[in-house]
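Read off the chains here:
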Amino acid sequence: ILVPRRENIQELFELTNEDQTQAYRESILISKLIMNLFEGDKLNTGAIGNLVPQLHLHHVVRYKSDPCWPQPVWGNLTEHPYAIEERKLVCQNISDALQNRIGGFRPH
């Protein structure tokens, strides 16, 4: 999930032109990175925000072996959160890949 560091923004069009460009660049960067890292078949992106109004962009790596393939994951799957150690490993792998890709960047 990418969240622009702008308060009270719910939609992409509410961002300045510069921030829209930055959001697009960051979305493309994370899209390429996670598709390479997780070797997915397809990537779903979405700015749904019905429950959490703050603008955020979901990036979901998909596999043809997904239980609901080819339907979207939103609304079609029961949540199965990562175990704590698995979540730490995934976050570290993404963080390391970002660090190697753009040098010096550390996500918060």
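A short tour of the structure in this document, coming up. Computed from a prediction, not measured in an experiment: that's the story for all the values here. (Residues numbered from 1 in each chain as written. Predicted model: local features only at pLDDT ≥ 70, side-chain atom pairs only at ≥ 80, totals over all residues. Heavy atoms only, no water.)

Some details on the pattern of salt bridges
Close approach of charged atoms allows side chains of opposite charge to pair.
So, step 1. Going through the model one piece at a time under the given rule, you end up with three salt bridges.
So, step 2. Among the salt bridges present, the one from R62 reaches D66, with a minimum N-O distance of 2.3 Å.
So, step 3. Note that K88 is salt-bridged to E85, the shortest N-O span being 3.7 Å. Of this pair, K88 and E85 both sit in helix α2 (residues 84–102), separated by three residues, roughly a single helical turn. (Salt bridge = Lys/Arg side-chain N within 4 Å of Asp/Glu carboxyl O. Helix = DSSP H or I, 4+ residues; strand = E, 2+ residues; numbered from the N terminus.)

Some remarks on the nonpolar core
Considering soluble globular proteins, one finds that nonpolar side chains tend to be buried as a cluster.
So, step 1. Grouped together as the largest cluster of nonpolar side chains are 14 residues, with contacts concentrated most on L15, I30, L33, I34, L55 and L98.
So, step 2. Counting residues per element, the ones that place at least two in this core are α1 (17–38) and α2.
So, step 3. Those residues in contact with I34 that sit more than four places away from it in its chain are E39, L43, H59, V61 and I94. (Core = buried A, V, L, I, M, F, W, Y, C linked by side-chain atoms within 4.5 Å. Buried < 20%, exposed > 50% of the residue type's maximum accessible area, 1.4 Å probe, protein only. Contact = heavy atoms within 4.5 Å.)

Side note on α1
Think of an α-helix as turning once every 3.6 residues; residues three or four places apart then point the same way.
So, step 1. Helix length check: α1, at 22 residues, gives a terminal C-alpha distance of 31 Å against a target of 32 Å (1.5 Å per residue), a fit within 8%.
So, step 2. Taken together, the buried positions of α1 are occupied by D19, A23, S27, L29, I30, S31, L33 and I34.
So, step 3. Two residues or fewer past α1, E39 is found with a positive phi of approximately 50 degrees. (Expected span 1.5 Å × (residues − 1).)

Quick notes on the environment of V3
So, step 1. The topology assignment puts V3 in the segment before α1.
So, step 2. Sequence-wise, V3 and A23 are 20 residues apart; in three dimensions their C-alpha atoms are separated by 8.7 Å.
So, step 3. Contacts of V3, omitting those with residues within four sequence positions, involve Q54, L55 and H56.

Observations concerning the side chain of H59
So, step 1. Topologically, H59 is positioned in strand β2 (residues 58–62).
So, step 2. Overall, the relative accessible area of 13% leaves H59 in the buried class.
So, step 3. At 2.8 Å, the side chain of H59 forms a polar contact with the side chain of S27.
So, step 4. Of the polar contacts made by the side chain of H59, one reaches the backbone oxygen of L57; its length is 3.2 Å.
So, step 5. Not counting the four nearest positions on each side in its chain, H59 is found in contact with L2, S27, I30, S31, I34, L43, N44 and T45. (Polar contact = N/O pair within 3.5 Å; in protein donor to acceptor, adjacent residues only side chain to side chain.)

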